[in-house]
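Structural characterization, general
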Amino acid sequence: MRRGKIRFFSVIAVLSAGVLLTVLFQRRQEQIVYTKELFAMDTFFSLKAYGPAAERGLEDCARRVRELEGMLSVTAQDSDLRRINDSSPGEAVSVQEDTFLLLEEAVALGRETDGALDITLYPVLKAWGFTAKEYRIPGEEELSALLECVDYRELVLDKASLAVSVREGTELDLGAVAKGYTGDCLKELLREQGVTSAMLDLGGNIQVLGAKPDGSPWRIAVKNPFDGSEAIGVLEVTDKAVITSGSYERYFVGEDGRRYWHILDPESGRPAQSGLVSVTVVGESGTRCDALSTALFVMGKERAVEFWRQQSGPGTFEMILVTEDGEVYLTEGLESCFACGEDWNTERICRVQ
Ligand code: AMP
Ligand code: MG
């Protein structure tokens, strides 16, 4: 009888030890972290993933980034975008599925933002020297002539043959959405490989997969647009894209002493003077957040708030706007997950006025 009891407890002890060891082993496996740094799409990518599938996942991510860059870059020889931009008017250019899907989405986002996002701005962007980094201030006449060819609605997309054609003088640039789309693709790839926790920093555009391995949310600093070495605050998020567009990211100072930045107003062909210095968009889809951060920057605070209030259902997002005067506007959904620095004046934007 006593012996039976001893044997029973021994078996329980061995089983418990086994379960404990398995849990500890799994915990250790989840804590394993891999990182990958690369220079792509004209910026630094820093990718971090946890767990046993992370190493292979990140190697595949690096390959996928190169593949997407090879399709979407406006400068790379033989990229889909380059072939479209070099094509004759009306010529049908076959592109890869990624390019087609992104063009389709970017055109839809152009419509949704009433043209604040316009992927046909490339000739104007070149005139300002943003592509070659040979900056200049184009004259009024030059800009009006170039703007004649700017209109995302003129793009012809044939889904059946994955072909794209443009009219004379039109050239495309996906700079406003390519990194967001890339982040979405990388998250999907990691998820398929069984990774449940990752942080992807694509040149300051952050996309996180799941939560941190200990289950807590990721903490993401939102840059101070007046001093890039500082943050205005910290966002806590899980499984989200956090994407910022700012006039401080790429600009030059003209001979007139004024700053000219890379986010253009498609109406004027000039750097968007909307009173904002940065827009951070938080949402599910990287492509959408990337497109919206650029478009809302162009719209300015009043239009951006109006646009945000009209959102419902899938695709809703939250945002942080910083104005030239240093005011921070925060949509109500971020209130519980954004800790703003004490020096900043913040105002809450509510769904109902
Ligand atoms: P982002 O940093 O995402 O705001 O994207 C800025 C980039 O998008 C610029 O470097 C240009 O390549 C391109 N761009 C600038 N203004 C616009 C605009 N209004 N619509 C679409 N693309 C733009
Ligand atoms: Mg963008």
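Use the structure listed above.
Let us look at the structure shown here. (Residues numbered from 1 in each chain as written. Chains lettered and ligands numbered in written order. Predicted model: local features only at pLDDT ≥ 70, side-chain atom pairs only at ≥ 80, totals over all residues. Heavy atoms only, no water.)

1. Structural notes on the coordination of the magnesium ion (ligand 2)
Taken together, Ala176 (O), Asp290 (O), Asp290 (OD) and Thr294 (OG1) make up the protein donors of the magnesium ion (ligand 2), found 2.1 to 2.5 Å from the metal. Spacing between the donor residues of the magnesium ion (ligand 2) along the chain follows A-x113-D-x3-T. Of this pair, alanine 176 sits in the loop between β5 (163–165) and α7 (178–192) while threonine 294 sits in helix α8 (residues 286–299), and the two are 118 residues apart along the sequence. Its relative accessible area of 13% is what places threonine 294 among the buried residues. (Donors = N, O, S within 2.8 Å, 3.2 Å for Na, K, Ca; no water. Helix = DSSP H or I, 4+ residues; strand = E, 2+ residues; numbered from the N terminus. Buried < 20%, exposed > 50% of the residue type's maximum accessible area, 1.4 Å probe, protein only.)

2. Some details on the sheet that holds strand β17 (residues 327–331)
Reading across from one edge, β1-β2-β6-β7-β10-β15-β16-β17-β19 is the order of the 9 strands in this open sheet, with mixed pairing throughout. The outermost strands of the open sheet, each flanked by one partner alone, are β1 (33–40) and β19 (345–349). Each neighbouring strand pair of the sheet contributes to a mean axis angle of 10°, computed without reference to strand direction. Across 8 bridges, the pairing between β1 and strand β2 (residues 43–50) is antiparallel. Across the sheet, residue phenylalanine 39 finds its bridge partner in β2, namely phenylalanine 44. On top of the sheet, helix α2 (residues 54–72) reaches β1 and β2; it is set at about 15° to β1, its chief contact. Sheet contacts for helix α9 (residues 301–309): β15 (276–283), β16 (318–323), β17 and β19; angle to β16, the most-contacted strand, approximately 170°. (Pairing = 2+ DSSP bridges. Axes fitted to C-alpha atoms, helices over the stretch in contact; angles between N-to-C directions. Contact = heavy atoms within 4.5 Å.)

3. A word on the sheet that holds β5
Sheet strands line up and pair through hydrogen bonds in the backbone, either parallel or antiparallel. What the 3 strands build is an open sheet, ordered β3-β5-β4; its pairing is antiparallel. The sheet terminates laterally at β3 (93–94) and β4 (156–158), the two strands that pair on one side only. Pairing geometry for β4 and β5, over 3 bridges, is antiparallel. Bridged to valine 156 within β5 is serine 165. Contacts from helix α4 (residues 97–112) reach β4 and β5 within the one sheet, and its direction differs from that of β4 by about 135°.

4. What about the nonpolar core?
Formed by 82 residues in total, the largest nonpolar core has its most connected members in Leu47, Ile84, Leu174, Leu296, Met319 and Leu321. Examining the composition of this core, we find that 8 residues originate from one element, α8, more than from any other. Setting aside residues up to four positions removed in sequence, methionine 319 forms contacts with Thr280, Val281, Leu296, Ala304, Val305, Trp308, Tyr329, Leu330, Thr331, Leu334 and Ile349. Within the second largest apolar cluster, 21 residues are counted, among which are Val322, Val328, Leu334 and Phe338. (Core = buried A, V, L, I, M, F, W, Y, C linked by side-chain atoms within 4.5 Å.)

5. Here's the deal with the packing of α2 against α7
It is the contact of α2 with α7, at a shortest axis distance of 10 Å, that shows an interaxial angle of 150°. Considering how the two elements wind past one another, α2 and α7 form a crossing that is right-handed. Residues Gly57, Leu58, Asp60, Cys61, Arg64, Val65, Leu68 and Leu72 of α2 form the contact with α7, whose participating residues are Ala178, Tyr181, Thr182, Cys185, Leu186, Leu189 and Leu190. Considered class by class, the residues forming the contact of α2 with α7 number 11 nonpolar, 2 polar and 2 charged. (Left-handed = near helix turned anticlockwise from the far one by under 90°. Nonpolar A, V, L, I, M, F, W, Y, C, P; charged D, E, K, R; others polar.)

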